[in-house]
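# Remarks on the overall topology
The lines below spell out each chain.
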Protein chains: 2
Amino acid sequence: MDVPESTDDLRAAPPQQYVQTFQLPGEFKLQRGGVLHDVDCAYETWGELNSSATNAVLVCHAISGDSHAARHDPTDSPGWWDTLIGPGKAIDTDRFFVICPNVLGSCNGTTGPSSRRRVESGGEIAGLSATACGAASSSANSSSAASITGESTTDEPVDEHMLPWGAEFPDITILDMVRLERKLTESLGIKRLRAVVGGSLGGHQALTWATAFPGSTDLCIAIASSPRLTSQALGFDVIARNAIQTDPHFAGGQYYSRPNKPDTGLAIARMLGHITYLSSAAMESKFELDRHDPRHIASQFEQRFSIGSYLAHQGQKFTTRFDANSYITLSTAMDLFDLGGDAQNLQQSFSRCDCEFLIISFSSDWLFTPEQSLDIVEALTMLDKPVTYAEITTPAGHDAFLIERDISQYAPLVAAKLADHTSAATVALQPFKTDSGRESKLTVASEQIEQQLLDLIEPGTSVLDLGCGDGRLLEELSRRGHQRLVGVEVAQDGIHAAARRGLNVIDYDLNQGLPAFADSQFDFVVLSETLQIVANIQSLLMEMLRVGENVIVGFSNFAHRKLREDFVIRGRSPRSQGLYGHAWYNTPNRRFPSIADVSDLCTTCHAEIIGAVYLDTQAAEVIAPDNDPNLNADFAILKVRQL
Amino acid sequence: MDVPESTDDLRAAPPQQYVQTFQLPGEFKLQRGGVLHDVDCAYETWGELNSSATNAVLVCHAISGDSHAARHDPTDSPGWWDTLIGPGKAIDTDRFFVICPNVLGSCNGTTGPSSRRRVESGGEIAGLSATACGAASSSANSSSAASITGESTTDEPVDEHMLPWGAEFPDITILDMVRLERKLTESLGIKRLRAVVGGSLGGHQALTWATAFPGSTDLCIAIASSPRLTSQALGFDVIARNAIQTDPHFAGGQYYSRPNKPDTGLAIARMLGHITYLSSAAMESKFELDRHDPRHIASQFEQRFSIGSYLAHQGQKFTTRFDANSYITLSTAMDLFDLGGDAQNLQQSFSRCDCEFLIISFSSDWLFTPEQSLDIVEALTMLDKPVTYAEITTPAGHDAFLIERDISQYAPLVAAKLADHTSAATVALQPFKTDSGRESKLTVASEQIEQQLLDLIEPGTSVLDLGCGDGRLLEELSRRGHQRLVGVEVAQDGIHAAARRGLNVIDYDLNQGLPAFADSQFDFVVLSETLQIVANIQSLLMEMLRVGENVIVGFSNFAHRKLREDFVIRGRSPRSQGLYGHAWYNTPNRRFPSIADVSDLCTTCHAEIIGAVYLDTQAAEVIAPDNDPNLNADFAILKVRQL
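Counting from 1, residues in each chain are numbered in the order their sequence is written. Labels follow written order: the first chain is A, the first ligand is 1, and so on. Given that this is a predicted model, residues contribute local features only at a pLDDT of at least 70 and side-chain atom pairs are listed and counted only at 80 or more, while totals for whole chains, interfaces and linings are drawn from all residues. Think of the side-chain values as coming from all heavy atoms in the structure, minus any hydrogens and water.

So, on to the interface of chain B and chain A. In many analyses, interface size is given as the accessible surface area lost on bringing the parts together. Only heavy atoms matter for contacts: two residues are in contact if any of them lie within 4.5 Å across the pair. Each partner contributes to the interface: chain B provides 79 residues, whereas chain A provides 79 residues. Here, a salt bridge means any Lys or Arg side-chain nitrogen found within 4 Å of an Asp or Glu carboxyl oxygen. Across the contact surface, chain B and chain A share six salt bridges. As used in this structure description, the phrase polar contact means that two N or O atoms lie within 3.5 Å; if the pair is within protein, one of them must be able to donate a hydrogen and the other to accept it, and residues adjacent in sequence are counted only when both atoms belong to side chains. Where chain B touches chain A, the interface holds 20 residue pairs in polar contact (both at pLDDT 80 or more). Secondary structure elements are defined from DSSP: runs of H or I of at least 4 residues count as helices, runs of E of at least 2 residues count as strands, and each element is numbered from the N terminus. Those elements that place two or more of their residues in the side of chain B that touches chain A are α4 (231–245), α5 (263–277), α6 (280–287), α7 (306–319), α8 (324–336), α16 (537–547), α17 (561–570) and α18 (595–604) of chain B. Per-element tally for the side of chain B that touches chain A: the top contributor is α4 of chain B, with 11 residues. We call Asp, Glu, Lys and Arg charged. Ala, Val, Leu, Ile, Met, Phe, Trp, Tyr, Cys and Pro are nonpolar, and the rest, Gly among them, are polar. Considered class by class, the residues forming the side of chain B that touches chain A number 37 nonpolar, 23 polar and 19 charged.

This is the structure we're talking about:
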């Protein structure tokens, strides 16, 4: 077999002609107590900063990434996020000034464990043995130096007193990475970013920008990220570091001048990483056909199965481009990242944020799970922070954030959030009331319903719309000046459409209740044309009454005269002609309530009906309350509140 | 923190006074071409073999297990399956003669890589280097010998020409293990086992007994098992072996006489194993509270997080009781195990089986997934082989098969399958027709329905009962002499009750169709009082018509007069008083069809109604076909076949 491709196969050292270096003279104090001197930060940029410096987008890379996020021109080597970043793409380099720095602690230009520091004899640096120092000085120009490109791009002779940090490199945190990135963006004249965007470890950086530095960015986009690692993910990282640190060639981390590096341990660590980046289903489709037919490659590692030769190939290749000490440093920083393990701590972490959020997860990502992204979303919604969330359905696992097919699924959301809705909204969006002459009866019915709903919502109030669809109702409320508006939707096209309207919409299953929302958080909670697909309507209604001061429920009345006649005369399961015109045996609907049924349920839930509109949508008429709406209306809108 | 307990914490070397050794003189040829000489097999037994030798149960252990499956007396050290095996337990040692051998290739008494073989100078064994041989002979009594207990329990001086196999131990397979186990059971005078039972690698052995040796056992119980490893699981095994084999102390596998063994690599392999044995949720609850508060233990391994000290502890402890070469040998045997990667190959593997099967999986097991167990079940049902299957709901992951709480969930199924239904059935089971004087109206209705259903099923036919509940209908059919009877049920108490009746019942979600069943596999497919909870009734009906020559559908008629009146007069969602008397907003039912609706659907599905019974269950009357059953019957039973 051929060794299957991996997102890793694209990687090589960034093309040096595009890499710039920001130099930060003096001390750089670290969160956990260490100190670095004269830190370098390698970075690349695309596009141009506008005169007001308001169009800067910072892109943050993942653990084995680097500054080369995208091609700079057609002849350039591929970037790791080419699908997302470029002229006319979601992160449009014709509009935005895009910056991608190499993170602190890495080995692609920014200061890290392979960087050299000045060693003063008998001085502060006691941790280095004389042997290691001697060896390092004597072979500083050995072949292994190529893979530890670091602090200098010149060919000056190496200073006898400069030695790599190695394992003496201090503990760094995601906060330290972000603090260096802030120094970089400040040096470029940027006071506030338009957005900070990243996946995996890059997502951790984006979340740290938002939580630690309010006012630093308009928008935080965290993809395939989490508030902290799961215990399982921690366990994998611990094993990976153990494999590196127990490799005899690790030599306490001072291997740079030795003939052998801890390549075996680093390769094993990378093999483990590769398994966690893929879903089990993705591995199955990649390796099942030729399970017993491995490709033979030159390797000390087992190659009994196709997965074996793949792992051997990926593990070995990684050792040619990455430094073992950097891997330890960066994975430890990820492991130490912790915005909170419960709702209370998470809310505290996000309490000072003032930016908008876009959170993206992937259904088959078991390393940074959708549930973990949802924890972030729930903390934000509880705090009334603007957030849009989508779980992308994919078999690709954690790697999905780097895969073209999946990027094309979430890129429209990135583009929508980066669009300037404040100026474009009134132009770009369709009018809420369209010329109904050309519309189907169905659209006419929907418009009647929406118009009546709007009339029940007092001006200026906050609204949570459950099952918001493409966000038409919320958009109209926004146009009418309502400020705190949140939509909930599970259909991906609905989420995309609502995001394009500049709305905040959350990918969320109503069957689990409303744990993301606080008591009395909204003036109005709306559930329209959605009630019939919910499994337990009683518990959802109680949740709505908890979260909203007022609840508005719009639903088709299955005791409408036509349906009753149909049932009584034809003896068929009730079925409406319009909105709910499915066959009884395959309808997505699972409830067929009448107005009387829902009224009864309100009583059961200790709620009172404080307003009601009854419609005959086919006749486009309002049915008066004394005209037996349960018989004559095909749709009802009830305004309810807790007794 | 304290290092949390693990199922591994119980393990120590088996108490020698209970371990017997079966010696197989001469050559033992292996499946993949190697040859062993004078193989030993360590084993333990419980209970007594009866005079007809028909009460023997073989218990097979997992990768790091041994022969000590259970205590022999109250003062004995704990066994790894004490909850399942013992007097009065599911595997009742008062009734059964239980045998547990240590597997071939292991290191607890049965021949494996740490066993010594005779080395003839210049002879067949060319793989050993002179250095390794010399070192081995000169220190054969070193302290490390204790952990490689092997071929001999005597204290004779070690023969100068006996050296451990080490990495020269040939590839073995699960089939080789089972062939040795068969030699053992034959030597004990057993021609056919009552059952062979095992979890994980033990399940692979049980499946191999059933597939490779028809006639060798009445019953095969495979728990937390699979037809082959997933690519993901293979990948973890490859990494584990790489960690061992690249440990410098591995020394090409000839480390037995050296001062150091490849303990680092073996510990890393075991750490990886531990993560795969637990679910992510189980790890979360085990390590979250004290994530940043690891227990300090003496270790070369990282202990930054509580999971870190746990893994260090478990990894190190394992090296004191297990041999690295055995770990490689056994994990390779698991990886080579392959009953087929698709339905066709799987069916071929199981085609000659003549035993009954009990397959158990665990919902959170991501190493050997429920889907993999279901693949086995589907192959067996396609082949008309008797099988009972249950997926146990648990957060414990793969380890669940060893955990008391989960054992107590599946033990009743093991006990039910081991019970002798041929003699006890007529005594132990309740009569189908009970004295209805004491029964509720509901039971009376159910009995009317069942009686009518039975009358529609021709004598001696094969029947698949979908949503079989506790198996009452199938039990009555069994009493009437029907042979091929299969039940499908998702409720765990239903599965247990049906198994207690001696029936074959499969844990299966009808919403996924009937892929486990072949075209025209059954004379009758029955779906009674279940139709209303299925999401897509059309596709299920088509599947039933594909699998059954005849289909019988029993369902509540929601167009019954009382319901119509209720709907028309009261304007409430139709709701029956009896079987389906739920509130509209929380009923598990999602369909409310009338007799006319189902009749229409049959036409849509190109099926004809060839028989029908209409009931007024409240009045306990049959409604004549010309007496408007759609109005007057509250229950209908239709017999349908494809046109």
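Residues and elements named next belong to chain A. Where burial is concerned, the two faces of strand β13 (residues 463–466) agree: the one with Val463 and Asp465 and the one with Leu464 and Leu466 are both buried. Think of it this way: DSSP has to see at least two bridges between two strands before they count as a pair. Two elements, β13 and strand β14 (residues 485–489), share four bridges in a ladder whose sense is parallel. When the bridges of β14 are listed, Leu464 appears paired with Val486. Here is how to tell: hold the view so the strands point away, follow the path from the first strand over the helix to the second, and if it runs clockwise the crossover is right-handed. In this fold, β13 hands off to helix α14 (residues 472–479), which returns the chain to β14; that crossover is right-handed. Pairing analysis gives four bridges linking β13 to strand β16 (residues 522–528), with the strands arranged parallel. When the sheet's bridge partners are listed, Asp465 is paired in β16 with Val526. Buried residues are those whose accessible area, probed at 1.4 Å on protein chains only, stays under 20% of the maximum for their type, while exposed residues exceed 50% and partly exposed ones sit between those limits.

Moving on, we get to the domain arrangement of chain A. What marks off one domain from the next here is an automatic or database domain assignment. If you check the domain split of chain A, you get domain 1 (236–325) and domain 2 (431–642). Inter-centroid distance (C-alpha atoms) of domain 1 of chain A to domain 2 of chain A is 54 Å.

Before going further, it helps to examine the packing of aromatic side chains. Each Phe, Tyr or Trp ring, with Trp reduced to its six-membered ring, pairs with another whose centre is within 6.5 Å; inter-plane angles below 30 degrees give stacked pairs, above 60 give edge-to-face pairs, and intermediate values give tilted ones. Across all of its chains, the model carries 30 aromatic pairs over all chains by this definition. Ring centres of Phe350 of chain A and Phe357 of chain A lie 5.8 Å apart, and the angle between their planes is 80 degrees; on these two criteria the pair is classed as edge-to-face. Pair check on accessibility: Phe350 of chain A and Phe357 of chain A agree, each one buried. One aromatic cluster is present, formed by Phe236 and Trp366 of chain A together with Phe236 and Trp366 of chain B through successive ring pairs. The ring centre of Phe28 of chain A lies 4.7 Å from the NZ or CZ of Arg179 of chain A, which sits over that ring. Two conditions define a charge sitting above a ring: the NZ of Lys or the CZ of Arg must be within 6 Å of the ring centre, and it must be within 35 degrees of the ring normal. Above the plane of the ring of Phe213 of chain B lies Arg182 of chain B, whose end atom (NZ or CZ) is 4.2 Å from the centre.

With that settled, consider the relation of the copies chain B and chain A. Expressed as a screw transformation, the operator carrying chain B onto chain A has a rotation angle of 180 degrees and an axial translation of 0.0 Å, and the superposed copies differ by an RMSD of 0.1 Å. Read as a symmetry element, the transformation amounts to a two-fold axis. Interface residue correspondence from chain B to chain A reaches 100%, placing this contact among same-surface, isologous pairings. Overlaid copies result from least-squares superposition on C-alpha atoms, with residues included only where pLDDT is at least 70 in both.

Residues and elements named next belong to chain A. Summary of the metric used: pLDDT quantifies the predictor's per-residue confidence within the range 0 to 100. Looking at chain A, the pLDDT average stands at 87 and 86% of residues meet or exceed 70. Counted against residues more than four places away or in other chains, residues 122–156, with its pLDDT under 50, gives 42 contacts. Predicted confidence for residues 423–439 stays below pLDDT 50, and this span has 20 contacts to residues more than four positions away or in other chains. Interface confidence for the predicted complex, expressed as ipTM, amounts to 0.89; the pTM equals 0.89.

Regarding α17 of chain B, the residues found buried are Leu563, Arg564, Asp566 and Phe567 of chain B. Seen from one end, α17 of chain B has its buried residues packed into an arc of 160 degrees, which puts them on one side. Facing away from the buried surface of α17 of chain B by more than 90 degrees, the exposed residues are Lys562 and Ile569 of chain B. Contacts from the buried residues of α17 of chain B go to α17 (561–570) of chain A together with α19 (629–632) of chain B. Directly after α17 of chain B, the chain includes Gly571 of chain B, whose backbone phi takes a positive value near 70 degrees. Picture the helix axis, draw a direction to every C-beta atom, and the arc is the one those directions span.

Quick look at the state of the cysteines now. All names here are of chain A. Note on disulfides: each one is a pair of cysteine sulfur atoms within 2.5 Å. Scanning all chains against the criterion turns up zero disulfides over all chains. Left unpaired, Cys41 is separated from the closest cysteine sulfur, that of Cys100, by 9.5 Å. The buried category is assigned to Cys41, whose relative accessible area is 1%. The thiol of Cys100 is not disulfide-bonded; the next cysteine sulfur, from Cys60, is found 7.3 Å away.

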